[in-house]
Amino acid sequence: MSIFKKKQPAERVLPTHIAIIMDGNGRWAKKRALPRTAGHAAGSKTFKDIARYCNKIGLKYLTVYAFSTENWKRPQEEVNNIMKIFKEYLEDTKNFKDENIKLQFIGDRTVLDPEIQRLMQQSEDDSRNATGLHLNIAINYGGRDEIVHAVKNIVNSGVGVDDITEDMISQNLYTTGQPDPDFIIRPSGEYRLSNYLIWQSAYAEYWFSDILWPDFKTSDLDRAIDDFNKRNRRFGGV
Ligand code: IPE
Ligand code: IPE
Ligand code: MG
């Protein structure tokens, strides 16, 4: 046996916090002449596969955009269907319990159905001590709404105007205590943030693709992470 250790390929670096805009469910369904609801069901399956995979590879934080503050504009039937899929996800606790995934919800939950709010609270409580992936699900989430919410908290705390800092704003966002996302992925061929993590994404890297979310595979995530490894992050320096 050789005394030399086999040379390993250069290790890739994982982002610390990946944020995904799970977009393209409707178009995926349309291409198949299916109702949009079928697209959301397929998107939910993709979400579970990707979350499990992120946990497996040792990612620390994943934040997914499930429903925005603007998505209430959709037909009532579609909104109801998305909420139904979300509720089914929460009821099936093996989605996170068996996986050691720590669940957190970001967004204004106060307007959601009380039973859904109860299940959200329960899954957060049940997974509080999980040591695997920290999974944030953004539901009734809007970046501007989040900043307004933070500003209200700060004003209510009575802090003096001159004492307001960037850190104070970060600490009053739903993602308080978490590192900012360093990698934002948007499939479906759109090149916008759609009010997602607008404060936290100030220095994130972006990755866009034409893949529709239900078609997104773990191999696509791997490709994205490989691209992340090629980025030169300067943060305003040289
Ligand atoms: C994303 O897919 C899911 C939500 C916004 C809830 P879409 O439903 O936006 O799919 P497209 O963009 O119409 O294809
Ligand atoms: C962003 O997708 C919100 C979610 C994925 C939950 P949208 O489909 O709502 O975004 P726009 O309308 O194309 O900007
Ligand atoms: Mg969309």
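Provided above is the structure to which this section pertains.
Calculation criteria
- Residues numbered from 1 in each chain as written.
- Chains lettered and ligands numbered in written order.
- Predicted model: local features only at pLDDT ≥ 70, side-chain atom pairs only at ≥ 80, totals over all residues.
- Heavy atoms only, no water.
- Helix = DSSP H or I, 4+ residues; strand = E, 2+ residues; numbered from the N terminus.
- Buried < 20%, exposed > 50% of the residue type's maximum accessible area, 1.4 Å probe, protein only.
- Salt bridge = Lys/Arg side-chain N within 4 Å of Asp/Glu carboxyl O.
- Near = heavy atom within 4 Å.
- Polar contact = N/O pair within 3.5 Å; in protein donor to acceptor, adjacent residues only side chain to side chain.
- Areas by Shrake-Rupley, 256 points an atom, 1.4 Å probe, with all protein chains shown as cover.
- Nonpolar A, V, L, I, M, F, W, Y, C, P; charged D, E, K, R; others polar.
- Core = buried A, V, L, I, M, F, W, Y, C linked by side-chain atoms within 4.5 Å.
- Contact = heavy atoms within 4.5 Å.
- Phe/Tyr/Trp six-rings, centres within 6.5 Å; stacked < 30°, edge-to-face > 60°.

(A) Main features of the overall build of the chain. Secondary structure assignment for the chain yields seven helices and six strands. Along the chain, helices (α) and strands (β) appear in the sequence β-α-α-β-α-β-α-β-α-α-β-β-α when read from the amino end. In terms of principal-axis extent, the alpha carbons of the chain reach across some 65 × 55 × 35 Å. Counting all 238 residues of the chain, 45% fall into the buried class.

(B) Quick look at the pattern of salt bridges. Taken as a whole and judged by the stated rule, the model has 23 salt bridges. For lysine 87, the salt bridge goes to glutamate 91, with nearest N and O atoms at 3.7 Å. Highlighted residues: lysine 87 and glutamate 91, both in helix 3 (residues 76–91), separated by four residues, approximately one helical turn. Assessed through its relative accessible area of 27%, lysine 87 is described here as partly exposed. Its relative accessible area of 44% is what places glutamate 91 among the partly exposed residues. Look at the salt bridges and you will find they share partners, linking Asp23, Arg27, Arg186, Glu190 and Arg192 into a network.

(C) Up close: the site of ligand 2. Every residue close to ligand 2 is listed here: Ile21, Met22, Asp23, Tyr65, Ala66, Phe67, Asn71, Arg74, Arg186, Arg192 and Ser194. Arginine 74 is positioned such that a nitrogen or oxygen atom in its side chain is 3.3 Å from an oxygen atom of ligand 2. Coverage of ligand 2 by the protein amounts to 78% of the 390 Å² it exposes when considered alone. Here the element with the most residues in the shell around ligand 2 is strand 2 (residues 61–68); it accounts for three residues. Taken together, the residues of the shell around ligand 2 break down into five nonpolar, two polar and four charged.

(D) Region of interest: the nonpolar core. Grouped together as the largest cluster of nonpolar side chains are 40 residues, with contacts concentrated most on Leu62 and Leu135. Non-local contacts of leucine 135, meaning those with residues more than four positions away in its chain, are made with Phe47, Ala51, Leu62, Tyr89, Ile101, Lys102, Leu103 and Gln104. If you look at the next biggest cluster of nonpolar residues, it comprises 11 residues, including Ile21, Tyr65, Leu197 and Ala204.

(E) Geometry of the packing of aromatic side chains. Evaluation of the coordinates by the stated rule reveals 12 aromatic pairs. Look at tyrosine 141 and tyrosine 196: their rings are 6.1 Å apart centre to centre, the planes differ by 90°, and that puts the pair in the edge-to-face class. With tyrosine 141 in strand 4 (residues 134–141) and tyrosine 196 in the loop between strand 5 (183–186) and strand 6 (205–208), this residue pair connects regions lying 55 residues apart in the sequence. Seen from their ring centres, tryptophan 213 and phenylalanine 216 are 5.2 Å apart, and the 25° between their planes marks the pair as stacked. Taking relative accessible area as the criterion, tryptophan 213 reaches 1% and is therefore assigned buried.

(F) A look at the site of ligand 1. Taken together, Met22, Asp23, Gly24, Asn25, Gly26, Arg27, Arg36, His40, Ala66, Asn71, Arg74 and Ile82 make up all the residues around ligand 1. Aspartate 23 is positioned such that a nitrogen or oxygen atom in its side chain is 2.9 Å from an oxygen atom of ligand 1. With respect to ligand 1, the backbone of glycine 24 contributes an N or O atom lying 3.4 Å from an oxygen atom. Computed on the free molecule, ligand 1 has an accessible area of 380 Å², of which 86% lies beneath the protein chains in the complex. Among the elements of the structure, helix 1 (25–31) and helix 2 (36–57) are those that each provide at least two residues to the shell around ligand 1. Per element, the largest residue contribution to the shell around ligand 1 is three residues, and it comes from helix 1.

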